[in-house]
Amino acid sequence: MIEKKETLTSSTDRKQRLSTNVFSSVAVNTSKVFLQLFVTPLIIFHLGSEQYGLVAFSFTVQSFFFLLDHAVSPVVIREFGLLSGSKDTAEDHWKLFLTFEKLSVATGIVCGTSIIISAPWIAEAWLKSDKLSVDFLTNAVRLIGLLMIFQWPSLFYGSCFIGMQKQFSLATLSVTLSYTQAVFVLLYLGFFGSNVLFILGLQCFFSFLLLFFIRKRILKCLPPVSKRPTYDFSYFLKVRNFAQGTFLIGITIAILTQIDKIFISKFAKLDEFSAYSVSFAFISQISMIIAGPLMATLQPFFAGLIKKDDALMLANEYHKLSQVNAIVIFTFIGPLIFFSDIILTLWLGMSSPVLPLALQLVPWIAVGSTINAINSMPYTLQIAAGWTNLKLRMNIIQVFLFVALFFLFYPVYGLMIGPCLWIGLNSLNTFIEAPIVHRYYLKGEYSAWLFKDVLYPALISAVIFSAGRYFLIFKQNLWADLASACFISLSVFLSLTLALPQGKILILRGIERLYRRLLSKNF
């Protein structure tokens, strides 16, 4: 009886901790995304499309290199998640932290220095600009390399918080520094000038501050030990197979998600690349709010369930969370497919130089990102299980397909080839990779996941969005159309919540909590 009570208590605590971490991650990412959405049009207005193209190039380079962090962050998240379920692991926590910290810092220095050294070649042979000099471009690329050195270790520290399921400890610090940096950028643009070099330098300064304070905070979160252990590189031997797999997955994901932008930064002018990058960044920022926090938090959660070898519990939790994932994805990413013209015009402004091209690209990018967010559930499951071979093989095949199709069709379709390939490759993951993952870890559950957790809510959403677009959007007043789009999105949310079993459970729980609060106030 006592053992059963302890099991129920630990299960309840685990779910409460999961909810807290998901909420913290969503809150942090949401605040950062809204900050970016607010600041981006202002920066484009003051800098112009060419100088903003350097900011976009900085994001592309960082995103490409950061995906190589798959050799470290997934390993750290998984190992901390496994350690959290064991006793007497304080020393192991410290060894894991110190060992991978040295690897992460060294990698950041190597990547950043390589960019700094190659800056003259990148400025002269790669970037195309009609207004900016080669010396100006060289200095900008050097600052991008310096930024890489400061930002790379922050990925590792963030993964430590996620693995220990203590994202809340990171939230206030990250948000505070992000908003402070934005204030300084806007003050400079508004009163002093419009030079992108200053903005990149400011990013370097605040990245260094974040690096300093985040390390200080994580040292307080690690369990106390009588004598601090030293790093132990033999730890790599224990996780090298998993680390090698995630590293190769990171390389292939970096190619699949960023190589189009790297190629386009070479073939297109900076102003065209600016519009292309803004379109993808806009969708990825929204997706980061929607899918990113949930998936990062679920990885250690799934790892714990797989370790317990409870297939029934894993299947139940997987379907519940897949339905929640679908409700959120279709409610918030769906409007970007059906109402992108309204949203982009209000966001960027009618006179924005990047608006015409963004209007063509964003709806199709949103379709691909929706499929990608849906696929994040089986992807998170296989990474939590430590199985990387399947994803690696799929990514290698997709890399060859992507590069071949890009060079074959870019002369014909131009910038539209990127969104088209984004949709096609994500669809392959849904219908080829996902069935294999389910067969290994959730045998017989793929059909239920695809039809009940994905296609059923997708059909409901598409019907409501299409009908709403036809009957309620009049294209006479943008703000009125935006209000109609919000009403339609709310209708989608309510319909999915009532149609899906897990949605009904969430409503009942919400009503129960509200009832208890009312009772506690009255009595």
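All values reported here derive from a predicted model rather than from experimental measurement. (Residues numbered from 1 in each chain as written. Predicted model: local features only at pLDDT ≥ 70, side-chain atom pairs only at ≥ 80, totals over all residues. Heavy atoms only, no water.)

**A few points about the overall build of the chain**
And then number 1: Within the chain, the secondary structure is distributed over 19 helices and zero strands.
And then number 2: Considering the chain as a whole, with its 523 residues, one finds that 52% of them fall into the buried category.
And then number 3: Here the chain displays about 24800 Å² of accessible surface, and carbon together with sulfur accounts for 67% of that area. (Helix = DSSP H or I, 4+ residues; strand = E, 2+ residues; numbered from the N terminus. Buried < 20%, exposed > 50% of the residue type's maximum accessible area, 1.4 Å probe, protein only. Areas by Shrake-Rupley, 256 points an atom, 1.4 Å probe, with all protein chains shown as cover.)

**Let's talk about the environment of S265**
And then number 1: Looking at the element boundaries, S265 is found in helix α8 (residues 235-267).
And then number 2: Taking relative accessible area as the criterion, S265 reaches 2% and is therefore assigned buried.
And then number 3: In this structure the C-alpha to C-alpha distance between S265 and L127, which are 138 residues apart in sequence, comes to 6.4 Å.
And then number 4: If near-sequence neighbours (up to four positions away) are discounted, S265 is found in contact with F57, W126, L127 and F273.
And then number 5: Here the side chain of S265 touches W126 through a polar contact of 2.8 Å, side chain to side chain. (Contact = heavy atoms within 4.5 Å. Polar contact = N/O pair within 3.5 Å; in protein donor to acceptor, adjacent residues only side chain to side chain.)

**Describing the side chain of S104**
And then number 1: By the secondary structure assignment, S104 is in helix α3 (residues 90-117).
And then number 2: If sequence neighbours within four positions are ignored, S104 has contacts with W152, P153 and F156.

**Side note on helix α9 (residues 270-290)**
And then number 1: Between its terminal C-alpha atoms α9 stretches 30 Å, which fits the 30 Å expected from 21 residues at 1.5 Å a residue.
And then number 2: Of all the 21 residues making up α9, 16 are buried; the element is thus mostly covered by neighbouring parts of the structure. (Expected span 1.5 Å × (residues − 1).)

**Quick look at the nonpolar core**
And then number 1: Ranked by size, the top nonpolar core spans 146 residues in total, and within it L54, F57, F97, L127, F302, L348 and W449 carry the most contacts.
And then number 2: For this core, the element with the most residues is helix α1 (residues 2-66), which contributes 15 residues.
And then number 3: Discounting chain neighbours no more than four positions away, the residues touching F97 are F80, F156, Y157, C160, I218, L219 and L222. (Core = buried A, V, L, I, M, F, W, Y, C linked by side-chain atoms within 4.5 Å.)

**Thoughts on the pattern of salt bridges**
And then number 1: Inspection of every chain in the model, using the stated rule, returns five salt bridges.
And then number 2: Ionic pairing is found between R215 and E101, a salt bridge with its closest N-O pair at 2.5 Å. Residue R215 is located in helix α7 (residues 196-221), and its partner E101 is located in helix α3; the two are separated by 114 residues in the primary sequence.
And then number 3: For R215, a relative accessible area of 29% puts it in the partly exposed group.
And then number 4: A salt bridge links D341 to R469; its shortest N-O distance comes to 3.0 Å. (Salt bridge = Lys/Arg side-chain N within 4 Å of Asp/Glu carboxyl O.)

**Quick notes on unusual backbone geometry**
And then number 1: Of note, K475 is a non-glycine position whose phi angle comes to about 60°, a positive value.
And then number 2: Along the chain, the position of K475 falls in the loop between α17 (446-472) and α18 (478-499).

**Considering the confidence of the model for the chain**
And then number 1: Per-residue pLDDT for the chain averages 82, and the proportion of residues at 70 or more is 84%.
And then number 2: In this model, residues 1-10 is a region of pLDDT below 50 whose contacts with residues beyond four sequence positions or in other chains number zero contacts. (pLDDT = per-residue confidence, 0-100.)

**Things to note about the packing of aromatic side chains**
And then number 1: Overall, the coordinates contain 28 aromatic pairs when judged by the stated rule.
And then number 2: When the ring of Y188 is compared with that of F198, the centres are 3.9 Å apart and the planes differ by 25°; the resulting orientation is stacked. Taken together, the positions of Y188 in helix α6 (residues 167-191) and F198 in helix α7 put the pair ten residues apart, joining distant regions of the chain.
And then number 3: For Y188, a relative accessible area of 13% gives the class buried.
And then number 4: On the accessibility criterion, F198 (37% relative accessible area) is partly exposed.
And then number 5: On the numbers, 5.1 Å between centres and 45° between planes, the contact of Y276 with F280 is tilted. Of the two residues, Y276 and F280 are both situated in helix α9; the distance of four residues between them amounts to about one turn of the helix.
And then number 6: For F280, a relative accessible area of 9% corresponds to the buried category.
And then number 7: Aromatic rings pair up to connect F263, F267, F402, F406, F407 and Y410 into one cluster.
And then number 8: The lysine or arginine in question, K261, covers the ring of F280, its NZ or CZ lying 4.1 Å from the ring centre. (Phe/Tyr/Trp six-rings, centres within 6.5 Å; stacked < 30°, edge-to-face > 60°. Lys NZ or Arg CZ within 6 Å of the ring centre and 35° of its normal.)

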